[in-house]
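Below are the chains, spelled out letter by letter.
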Amino acid sequence: MAERVLMKGNEAIAEAAIRAGCRHYFGYPITPQTEIAAYMAKKMPKIGGVFLQAESEIASINMVYGAAAAGMRVMTSSSSPGISLKSEGLSYIAGSDVPAFVVNVQRGGPGLGGIQPSQSDYFQATKGGGHGDYRMIVLAPASVQEMASLTVKGFNLADKYLMTAMILADGTIGQMMEPITFEDVEVESYDKPWALTGTKLRRKHNIVNSLYLKPDELERKNFERYERYRTVEENEVMYEEYMMEDAEVCVVAFGIASRVAKNAVAQARSEGVRVGLIRPITLWPFPSKVLRQAAEKVKSFVCVELNMGQMIEDVRLAIECTRPVSLCNRTGGMIPSPDQVLASIREAQKGGN
Amino acid sequence: MDHKRITLFAGHYGSGKTNIAVNYALLLAREGKKTAIADLDIVNPYFRTKDSASDLEAAGVDLISPQFANTNVDLPALPAEAYRLVEDKSIFAVMDVGGDDRGAYALGRYAPFILEEEDYCMAFVANPCRPLTRTPEEALEVMREIETAGGVPFTAIVNNANLAHETTPETVLAAIPYMERLSKLSGLPIWLTSAEETVAAGLAGKIPHLLPMKLQAKYFDLPEQKGPPRVRPLFG
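*Asks:* Sorry if this is basic, but what is going on with the overall build of chain B here?
*Replies:* Broken down by element type, chain B carries 9 helices and 8 strands. Computed over its C-alpha atoms, the radius of gyration of chain B comes to 17 Å, within 12% of the 18 Å expected for a compact globule of 236 residues. Overall, the C-alpha framework of chain B stretches about 50 × 40 × 35 Å when taken along its three principal axes. Buried positions account for 54% of the 236 residues belonging to chain B. Partitioning the intrachain contacts of chain B with sequence separation of at least 6 by distance along the chain shows that 73% fall at a separation of at least 24. Looking at chain B as shown, the accessible area adds up to about 10000 Å², and 55% of this sits on carbon and sulfur atoms. Of the side-chain charges in chain B, 23 are positive and 31 negative, and the distance between the mean point of each set is 3 Å.

*Asks:* Got a minute to help me understand the domain arrangement of chain A in this structure?
*Replies:* A common way to state how big an interface is: give the accessible area lost once the parts meet. Residue and element names in this part refer to chain A. When cut into domains, chain A gives domain 1 (5-235) and domain 2 (239-350). On a C-alpha basis, the centroid separation for the pair domain 1 and domain 2 is 28 Å. Taken together, the contact pairs 31 residues of domain 1 with 26 residues of domain 2. In total, domain 1 and domain 2 occlude about 2300 Å² of area from one another, counting both sides; carbon and sulfur atoms represent 59% of this. The largest per-residue losses of area from domain 1 upon contact with domain 2 belong to Q119, Y122 and F123, which jointly make up 31% of the total buried on that side.

*Asks:* Would you mind showing me how to read the pattern of salt bridges here?
*Replies:* Scanning all chains against the criterion turns up 32 salt bridges over all chains. Across the pair K350 of chain A and E347 of chain A runs a salt bridge, and its minimum N-O distance is 3.3 Å. One end of the pair is K350 of chain A and the other is E347 of chain A, both in helix α12 (residues 338-350) and 3 residues apart, which spans about a single turn. You'll find K350 of chain A and E347 of chain A in the same group, each marked exposed. We note a salt bridge from K33 of chain B to E31 of chain B, for which the minimum N-O separation is 3.6 Å. A single salt-bridge network, built from bridges that share partners, covers E146, E240, K262 and R279 of chain A.

*Asks:* What is the right way to look at the nonpolar core in this model?
*Replies:* Note that soluble globular proteins tend to have their nonpolar side chains buried in a common cluster. M75, F301 and I345 of chain A are the most contacted members of the largest nonpolar core, which has 117 residues in total. Ranked by the residues each element gives to this core, the list is headed by helix α6 (residues 144-161) of chain A, at 9 residues. Here this core spans two domains, since at least three of its residues come from each of domain 1 (5-235) and domain 2 (239-350) of chain A. Residues contacting M75 of chain A, with those up to four places away along its chain left out, are I13, A17, C22, H24, Y25, F26, I36, M40, V64, F101, V103 and F155 of chain A. Counting 40 residues, the second largest nonpolar core, distinct from the first, contains L40, Y120, Y178 and L188 of chain B.

*Asks:* Mind showing me how you'd approach the interface of chain A and chain B here?
*Replies:* At the interface, 43 residues of chain A touch 35 residues of chain B. Among the residues of chain A in contact with chain B, R4, L6 and I115 of chain A are the three that bury the most area, contributing 18% of the side total. Between the two partners, chain A and chain B, sit 3 salt bridges. In this structure, R130 of chain B engages E11 of chain A in a salt bridge whose closest nitrogen and oxygen atoms are separated by 2.7 Å.

*Asks:* Any chance you could explain the packing of helix α9 (residues 255-270) of chain A against α12 of chain A here in plain terms?
*Replies:* Between two packed helices, the angle of one axis relative to the other and the distance separating the axes together describe the packing. Residues and elements named next belong to chain A. The N-to-C vectors of α9 and α12 enclose an angle of 55°; their axes lie 8 Å apart at closest approach. As the angle between them shows, α9 and α12 are arranged oblique. Relative to α12, α9 is oriented so that their crossing is right-handed. When α9 is examined against α12, the residues V260, A261, N263, A264, V265, Q267 and A268 are found in contact with a partner set consisting of P338, V341, L342 and I345.

Conventions we followed
Note on numbering: residues in each chain are counted from 1, in written sequence order. By the order in which they are written, chains take letters starting at A while ligands take numbers starting at 1. It should be noted that, the model being predicted, local features are given only for residues of pLDDT at least 70 and side-chain atom pairs only at 80 or more, the latter also being counted only at that level, while totals for whole chains, interfaces and linings use all residues. Excluded from the side-chain calculation are hydrogens and water; included are all heavy atoms of the structure. Secondary structure elements are defined from DSSP: runs of H or I of at least 4 residues count as helices, runs of E of at least 2 residues count as strands, and each element is numbered from the N terminus. Using C-alpha atoms as the atom set, the radius of gyration is obtained and then compared with a globule rule of 2.2 Å times the number of residues to the power 0.38. Burial classes follow relative accessibility: with a 1.4 Å probe on protein chains only, a residue under 20% of its type's maximum area counts as buried, one over 50% as exposed, and anything between as partly exposed. Here a residue-residue contact requires only that any non-hydrogen atoms of the pair lie within 4.5 Å. Computed with a 1.4 Å probe, the accessible areas rest on the Shrake-Rupley method; for each residue, only the protein chains presented here act as cover. Positive charges come from Lys and Arg alone, negative charges from Asp and Glu alone, with His and the N- and C-terminal ends not counted. To locate a charge, take atom NZ for lysine, CZ for arginine, CG for aspartate or CD for glutamate. Where each domain begins and ends follows an automated or database-derived domain assignment. Note on terms: buried area is the combined drop in 1.4 Å-probe accessible area of two parts once they are placed together, counting the loss on both. The rule for a salt bridge is simple: a side-chain nitrogen of Lys or Arg has to be within 4 Å of a carboxyl oxygen of Asp or Glu. Definition used in this section: a nonpolar core is a set of buried Ala, Val, Leu, Ile, Met, Phe, Trp, Tyr and Cys residues joined via side-chain atoms within 4.5 Å. Angles shown run from 0 to 180 degrees and are taken between the N-to-C directions of axes, each axis being a line fitted to C-alpha atoms and, for helices, limited to the stretch in contact. If an angle is under 35 degrees, it is roughly parallel; if it is over 145, roughly antiparallel; if it lies from 65 to 115, roughly perpendicular; otherwise it is oblique. Definitions for this section: a left-handed crossing has its near helix turned counterclockwise from the far helix by less than a right angle. A right-handed crossing has that turn clockwise.

Spelled out as structure tokens, the structure:
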């Protein structure tokens, strides 16, 4: 068995990124993700990599854009307000079809908000953030192990589909410590014939660009890109089901909220309530199909989120509003207690049809 | 157990300093000592000494914590009250120092008082399961960095080998050669071995100077993580 080490979520991302072949890190410090930058600062010089603390978030995302265009495995990380600043660059990266890996260890918002954990960047991550028609693959880890595993997975997917893969974590998973193993996801490598590596006068030059002078050409690019997105939706959905076999109530939660929800589900089960949990691991592509199937069996849904109710919109859309969906939430850096979730489960069991 | 007037716990971040400091303060209180603990961590935003405030209060331990601990204010400021630990010689003081050299800078302002009084134990908390201190040589490097930053030389080593809920007595026993090597390299004794209380029960008689620890339950502990430690299947 591969050796187990005790790591902080943020460190696990940094170490996994290095193991996935990332040798370029550009960032700007912000709590609660600074350990990623600190780990990179310590390790990159020892392995011939680049750690660069840029003058701002905007500079760092454009450095990511540049290194990605050159075909490098490259990443940046930040927390909520910093991701807002990076959003312009994320749109340019999407418009240029280059692979990038970005981490958002969320904190409370809006505005400067606070440093405590939050999930209130769900809309930003899954619906855009930057301008224009584009998608990012959004991965939501619920353990330190998944921080590592989904990082490797994220680099693979970004290269495979020429788009940004984002880890949408939160302050708690970034800061907490758990034992993990690294070698559980294989590092894949992809040819990058489009990369700006210098022609050496042996080939036609490559161009990485997001500006199109002719509208029909831009439209065609967007159509092509969305064809690729459809392939992602068909092939890359990940989720976990917990005690769903005979469930009457389905709790939907991702990331740290899913851990609290899991405790509440286990408690409710011990009281004889037939409840289960569906935990989306990819927030985009969203596991709509599995929720639609669940809607045929359960009476009602409960969304547990650390925000004012964001993923709940995708749940309602996925099940086409055929079942009632209630929200159990805290926000601003507060965490719902298992008892609060339990109360919502009991309430949901009474409702529905 | 013999106690110095001031006991400091420092080490690589994530090595377990806060848990040990809290449990050591509780031990002092149980032995009837007038005890105070100070959170000197200026690095970590989450999981602080203050999380154990109710346990400490119940045991009669005086908790000195930065004013902004566990709030949204990300300000590395220490309370003036922390000076009491070095000035009031009637109390047994425990200091929870922040991780690595960055965390130990905060110690600098108290260092002259601590060195002058000469009644302290500066304990290096070591966990070989942490990726940046996998070898005794790496741990020694961290030790030297902390001493340079904090200005207080280490006097002892704490074996806190652990893999969180997966820790077994074997995890702790397997770390003994590591600790002995670190002891040899640094010239410092292995003073304590700290372990979660059920793990510590399995170590009784096998290892001297045990500090059994009660660890705080966390809201994000999973149902399968409760109960005795075991290895969980990995995400596939």
